[in-house]
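Here's the letter readout for the chains.
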Amino acid sequence: LITSVAGLRDALHNNAPSKNYYSITGTVKEVKELTQQLEEIKAEKTTDNAQELYERIVKVMEDKTLYLNANLNIKMVAEAACSSRPVVSACINRISGKSFRQWLSEYRLSLFEKMLRQYPDTPFDELVIRCGYQDQGTFRRQFKEKYGMTALKYRKNIQGNGSSSDTNTINTYN
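Residues numbered from 1 in each chain as written. Predicted model: local features only at pLDDT ≥ 70, side-chain atom pairs only at ≥ 80, totals over all residues. Heavy atoms only, no water.

Visitor: If you had to explain the overall build of the protein to someone new, which residues and values would you point to?
Guide: What the protein contains, in helices and strands, is 9 helices and 0 strands. Starting at the N terminus and walking to the C terminus, you meet the elements of the protein as α-α-α-α-α-α-α-α-α. Excluding contacts between residues fewer than 6 apart, the proportion of contacts in the protein whose partners are at least 24 apart in sequence is 59%. Summed over its atoms, the accessible surface of the protein is roughly 10,800 Å², and 50% of this surface lies on carbon and sulfur atoms. (Helix = DSSP H or I, 4+ residues; strand = E, 2+ residues; numbered from the N terminus. Contact = heavy atoms within 4.5 Å. Areas by Shrake-Rupley, 256 points an atom, 1.4 Å probe, with all protein chains shown as cover.)

Visitor: Would you mind going over the confidence of the model for the protein in detail, with residue names and values included?
Guide: A low pLDDT means the predicted coordinates there should not be read in detail. Here the protein averages 78 in pLDDT, and 68% of its residues register 70 or above. Between the elements of the protein, mean pLDDT differs from a low of 32, seen in helix 9 (residues 167-171), to a high of 95, seen in helix 3 (residues 74-80). Across residues 163-174 the pLDDT falls below 50, and counting only partners more than four positions away or on other chains, this stretch makes 16 contacts in the model. (pLDDT = per-residue confidence, 0-100.)

Visitor: Break down the packing of helix 5 (residues 100-118) against helix 7 (residues 136-147) for me, with residues and values.
Guide: Packing of helix 5 against helix 7 leaves a shortest axis separation of 11 Å and a crossing angle of 85 degrees. Taken together, the axes of helix 5 and helix 7 lie roughly perpendicular to each other. Residues S105, E106, L109, F112 and E113 of helix 5 form the contact with helix 7, whose participating residues are F139, Q142, F143, K146 and Y147. Of the residues that constitute the contact of helix 5 with helix 7, the class distribution is 5 nonpolar, 2 polar and 3 charged. (Axes fitted to C-alpha atoms, helices over the stretch in contact; angles between N-to-C directions. Parallel < 35°, antiparallel > 145°, perpendicular 65-115°, else oblique. Nonpolar A, V, L, I, M, F, W, Y, C, P; charged D, E, K, R; others polar.)

Structure below.
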């Protein structure tokens, strides 16, 4: 039985049984206020948990370089992060604002850009495979969506500007 905001906070923050059922007593106005505050507290806790999970997912992706696996799927990421596929998917969508595929593409394209600057004479096909792409067409489409030009044109542009790693160079093409 919960009769105050303090009681709600204690129940939620002290890991009271999470049956998503709480008895709230008081006047109609008090019950409405407590119910609204309960929803706000639950939303805060959900956001905190989502942020923690997201940080764990990013750490696993980076530490284990999962994004290099051409066959990587969300289930594999969920297993590596000790979570479930639906929870990881919802977390990535909520925190990054991107689908899993878009989010994964960010890792791979970022690596491609670094490798392109580091190994400017390496053939595209080799770089694309090293970055975890299995399909050249997918890479080309995703690259053009992000940078607004083909990878070949991008390479010529960075070679023409030296191999500056200034991110403003990239942003001018978005």
